[in-house]
Every structure is written in C-alpha cells, then in structure tokens.
Amino acid sequence: MKVAVVGLSPSTHHLAPWGSSDWEIWGLPWDASYPQIDRYFEMHDRTLLEMPEARRSDDYWERISYLSPVYMQQHYSDIPGSIQFPLAELEQTVFKGFPRARWDDQTDWYNSSPAYMIALAIHEGAETIGLWGIDVLDHSEFNYESPCLEYLIGLAVGKGIEVVIPEGPTHLNKFRGEGIKLGTMTPTYHKRYGYIWRN
C-alpha cells in the first residue's frame, strides 16, 4: 500500500499523486480543492471546532456529513461516515516502546493531523508514505509540528517503509543551523552542527 499524506500548503499540494490508482490519498475535510481523497482526518476537538475562532466555513458540518470515511475522536451520528481513530491500537503497535512512556504517562505523540495519518499508515503496514503540502516552516504556526513528524518519519524509515518528501520549501528532515547558541555567540552553522562555513 502507498499512502499519500496531503496537507494544504500550496508549495507541493498540487504535486501529490492525484488521480493515481497506485496511491491512497489521505487528506483534510477542509481541503476543497481536490475531490479525490480516499480518507479524511478531522482530529480536532469538536467543541473547539464549533467556535468561531476555528475559522471553519459556514457549511463545514454539512460538507463533512457527506464525506466517508472521516477519522475523528469519536463517531458522531450526524456525521455518518465518521470513524473513531484507533488510538489505543496504535499505542500498542506504532508507539509500543515509546521512550517517554518509561517514566511518564505520555504514551504517544501527535502534534498535527498529518501525524495521525503517518501513524495510521505505519500501523496498517504501508510500504510507501509520501508527504505533500506539508511545509512546517519555522516562521509559521506549524513549527511545533515538525519534531513529531520527523519522529514518525524516522520510525517509518526504521521499519523499512519508503518515505517520499517532494522537493519544496519544507523543513522536514532538514538541518537548521541558525539561532543555536555557543556561549555568548550565535554562530550560523551550514549543513552540520559544529561546523561554520569557511571560504
């Protein structure tokens, strides 16, 4: 199975394997630009989603009620295609042996909707996982999502799963050498921590 995890960043969103029978497309219910999504993920708390600050469209709940399947925190009767995300199962497979769980009650790690998608793809035995429309740029609100995604990418690679990251502005798995303190200095490292660029 080949799973395309698709976010909303316009940099690589259009490069996802839309229309390919070789890939399952997993995406977001508020992505209205492409209709061919095989599985949707709405992992936000519904109480929060129903607040104006969530900035969902006025017809969002009507739209999502027609989609299937939609992974959510639980099944909702007014969203017939909703499926409860299998958190407990993934805790025993993907996150079994999660290091923090040895001394803390944190037994898994999801900081974004794509993280849930990657974890489920690992759980279901995907042979290839591709990431499109996911930039996690430093200056954006998505910066905090990067470590979680990189953990899951590394976990997938360690399990022998091919991970595809398209060329683009994403910071996934890229070294970022600015803002790293060394005493009172803040040198800029290039390509590798500890080595500054010398002409």
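Above: the structure in question.
So, here is what we can say about the structure in this document.

## With respect to the sheet that holds strand β6 (residues 128–132)
At step 1: Spatially, β5-β4-β3-β2-β1-β6-β7 is the arrangement adopted by the seven strands of the open sheet, whose pairing is parallel. Unpaired on one side and paired on the other, β5 (82–84) and β7 (162–164) mark the two borders of the sheet. Sheet twist, expressed as the mean angle between neighbouring strand axes with direction ignored, is 25 degrees.
At step 2: Alignment of strand β1 (residues 2–6) against β6, held across five bridges, turns out to be parallel. Bridge pairing links alanine 4 to glycine 130 in β6.

## Description of the pattern of salt bridges
At step 1: In this structure the tally under the stated criterion is six salt bridges.
At step 2: Note that aspartate 78 is salt-bridged to arginine 46, the shortest N-O span being 2.7 Å. In this pair, aspartate 78 sits in the loop between β4 (70–72) and β5 while arginine 46 sits in helix α1 (residues 46–49), placing the two residues 32 residues apart along the sequence.
At step 3: Three or more residues joined by partner-sharing salt bridges are found here, namely Glu24, Arg39 and Glu124.

## Re the pairing of β6
At step 1: Buried residues dominate β6, accounting for five of its five residues.
At step 2: Neither face of β6 is open: one carries Thr128, Gly130 and Trp132, the other Ile129 and Leu131, and all of them are buried.
At step 3: Bridging between β6 and β7 involves three bridges; their strand directions are parallel. The partner of glycine 130 across the bridge, within β7, is valine 164.

Analysis parameters
- Residues numbered from 1 in each chain as written.
- Predicted model: local features only at pLDDT ≥ 70, side-chain atom pairs only at ≥ 80, totals over all residues.
- Heavy atoms only, no water.
- Pairing = 2+ DSSP bridges.
- Helix = DSSP H or I, 4+ residues; strand = E, 2+ residues; numbered from the N terminus.
- Axes fitted to C-alpha atoms, helices over the stretch in contact; angles between N-to-C directions.
- Salt bridge = Lys/Arg side-chain N within 4 Å of Asp/Glu carboxyl O.
- Buried < 20%, exposed > 50% of the residue type's maximum accessible area, 1.4 Å probe, protein only.

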